[in-house]
Amino acid sequence: MPPPPSRLPCPALFLDLDGVLAPLAPTPEAVVPDTRRTAVLRALIERLDGRVAIISGRTLAEVDRISEDAVRSASGVHGLERRSDDGTLVVGDAAPEVRAAVAAFHDFAAERPGMIVEDKVVSAGLHFRGAQDQAGAARDLAERLAEDTGLSLQFGNLVAELKTPGTDKGTALSAFMAEAPFQGATPVMVGDDLTDEHGFEAAAALGGFGVLVGPPRLTAARFGLKDVAAVLDWLDSLSEAPE
């Protein structure tokens, strides 16, 4: 896939966090702030008049921790949490079935060292990066729970997540594009995971495009970047084309 252009007409950047702005780590808490990442984000926001948002599967609290509060517009838990540029916060109500999913994941993980359960209140995550020999069993469990509970199932990089239905990264991107300072801009979604495909599709539907980070695969993204370092280099060089 070719790299994205470095000059764009009125771009609006929507950036995943893990695997895009930060390297993947063995555990969620192992991802920490980075001086260069923070500097690149702050400079980019100033350059683009605030048209930068992080759209992540993490909670907003985790997004803010890792980005050092550099980005005002942000969405967490695949669209279930969303903070607008003016500070308005919208948080979806948690489906009661999430508690059952968290309990089932804990029971499963208790017998399998290396498994990590993440309770995000509105969703339940089961990370199996530290127990990859149990990946098949983890996916089977998540699929059974999704069928039993009606929760939305999303597979990511060595993680299965059961979430309250109704949102995804695409709905978050579309909501941002309907409000200041993103209205009328060209949306660009940068992501690495299967959950970012909704964002790629939403960006394309609104006249923009997606950028896939990592190895090529079947994707709705039009462009590609090799890794996190390449993403930061591209963001650092990005400027607006004259209209």
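This is a predicted model, so every value here is computed, not measured.

(A) Main features of the overall build of the protein chain. Across its full length, the protein chain carries seven helices and 14 strands. Principal axes of the C-alpha set define a box for the protein chain whose edges measure 60 × 35 × 30 Å. Taking contacts inside the protein chain between residues at least 6 apart in sequence as the whole, the part at least 24 apart equals 59%. Of the roughly 10,300 Å² that the protein chain leaves accessible, carbon and sulfur atoms contribute 53%. Seen as two clouds, the 22 positive and the 37 negative side-chain charges of the protein chain have centres 4 Å apart.

(B) A look at empty space enclosed by the protein. Applying the stated criterion to the full structure yields one cavity of 30 Å³ or more. Its boundaries defined by the atoms lining it, the largest cavity holds a volume of some 440 Å³. Lining the largest cavity are 28 residues, and of these Asp18, His127, Asn157, Val159 and Asp193 lie nearest its centre. Those elements that place two or more of their residues in the lining of the largest cavity are β8 (123-127), β9 (152-156) and β10 (159-163). When residues of the lining of the largest cavity are assigned to their parent elements, the largest contribution, three residues, is made by β9. Split by residue class, the lining of the largest cavity holds eight nonpolar, ten polar and ten charged.

(C) Quick peek at the packing of helix α5 (residues 169-177) against helix α6 (residues 197-205). Interhelical geometry of α5 versus α6 gives an angle of 35° and a closest axis separation of 7 Å. In this structure, the crossing between α5 and α6 has a hand that is right-handed. Of α6, the residues touching α5 (which contributes Lys169, Gly170, Leu173 and Ser174) are His198, Gly199, Ala202 and Ala203. Among the residues forming the contact of α5 with α6, the class breakdown is three nonpolar, four polar and one charged.

(D) Geometry of the pairing of strand β12 (residues 209-213). Within β12, five of the five residues are buried, which leaves the element mostly enclosed by the surrounding structure. The side-chain alternation of β12 yields two buried faces, one formed by Phe209, Val211 and Val213 and the other by Gly210 and Leu212. Note that strand β11 (residues 186-191) and β12 share four bridges and pair parallel. Looking across to β12, one finds that Gly191 is bridged to Leu212. Regarding topology, α6 serves as the crossover connection from β11 to the parallel β12, and that connection is right-handed.

(E) Highlighting the side chain of Asp192. Its place among the elements puts Asp192 in the loop between β11 and α6. Although buried, Asp192 forms no salt bridge, and the nearest oppositely charged side chain, Lys169, lies 6.1 Å from it. A distance of 2.9 Å separates polar atoms of two side chains, one belonging to Asp192 and the other to Asn157. In this structure Asp192 touches Asp16, Asp18, Gly19, Val20, Asn157, Leu212, Val213 and Arg217, once residues within four positions along its chain are discounted.

(F) Molecular detail of the pattern of salt bridges. Summed over the entire model, instances satisfying the criterion amount to 15 salt bridges. With a closest N to O distance of 2.8 Å, Arg58 and Glu62 form a salt bridge. Note that Arg65 is salt-bridged to Glu62, the shortest N-O span being 2.9 Å. Note that Arg65 and Glu62 are positioned in helix α2 (residues 60-67) at a spacing of three residues, about one turn of the helix. Linked through salt bridges whose partners overlap, the residues forming this network are Asp18, Arg58, Glu62 and Arg65.

(G) Expanded view of unusual backbone geometry. Ala180 connects to Pro181 through a cis peptide bond whose omega is 0°. Here Pro181 shows up in the loop between α5 and β11. Positive phi, close to 55°, is recorded for His78, a residue that is not glycine. Checked against the element boundaries, His78 lands in the loop between β4 (73-76) and β5 (81-83).

Parameters and conventions
Residues numbered from 1 in each chain as written. Predicted model: local features only at pLDDT ≥ 70, side-chain atom pairs only at ≥ 80, totals over all residues. Heavy atoms only, no water. Helix = DSSP H or I, 4+ residues; strand = E, 2+ residues; numbered from the N terminus. Contact = heavy atoms within 4.5 Å. Areas by Shrake-Rupley, 256 points an atom, 1.4 Å probe, with all protein chains shown as cover. Lys, Arg positive; Asp, Glu negative; His and termini not counted. Charge placed at Lys NZ, Arg CZ, Asp CG, Glu CD. 1 Å grid on protein atoms, 1.4 Å probe; cavity = no way out; pocket = protein on both sides within 12 Å on 5 of 7 lines; lining within 4 Å. Points joined across faces, edges and corners; volume = space filled by probe spheres on them. Nonpolar A, V, L, I, M, F, W, Y, C, P; charged D, E, K, R; others polar. Axes fitted to C-alpha atoms, helices over the stretch in contact; angles between N-to-C directions. Left-handed = near helix turned anticlockwise from the far one by under 90°. Buried < 20%, exposed > 50% of the residue type's maximum accessible area, 1.4 Å probe, protein only. Pairing = 2+ DSSP bridges. Right-handed = clockwise from strand over helix to strand, strands pointing away. Salt bridge = Lys/Arg side-chain N within 4 Å of Asp/Glu carboxyl O. Polar contact = N/O pair within 3.5 Å; in protein donor to acceptor, adjacent residues only side chain to side chain.

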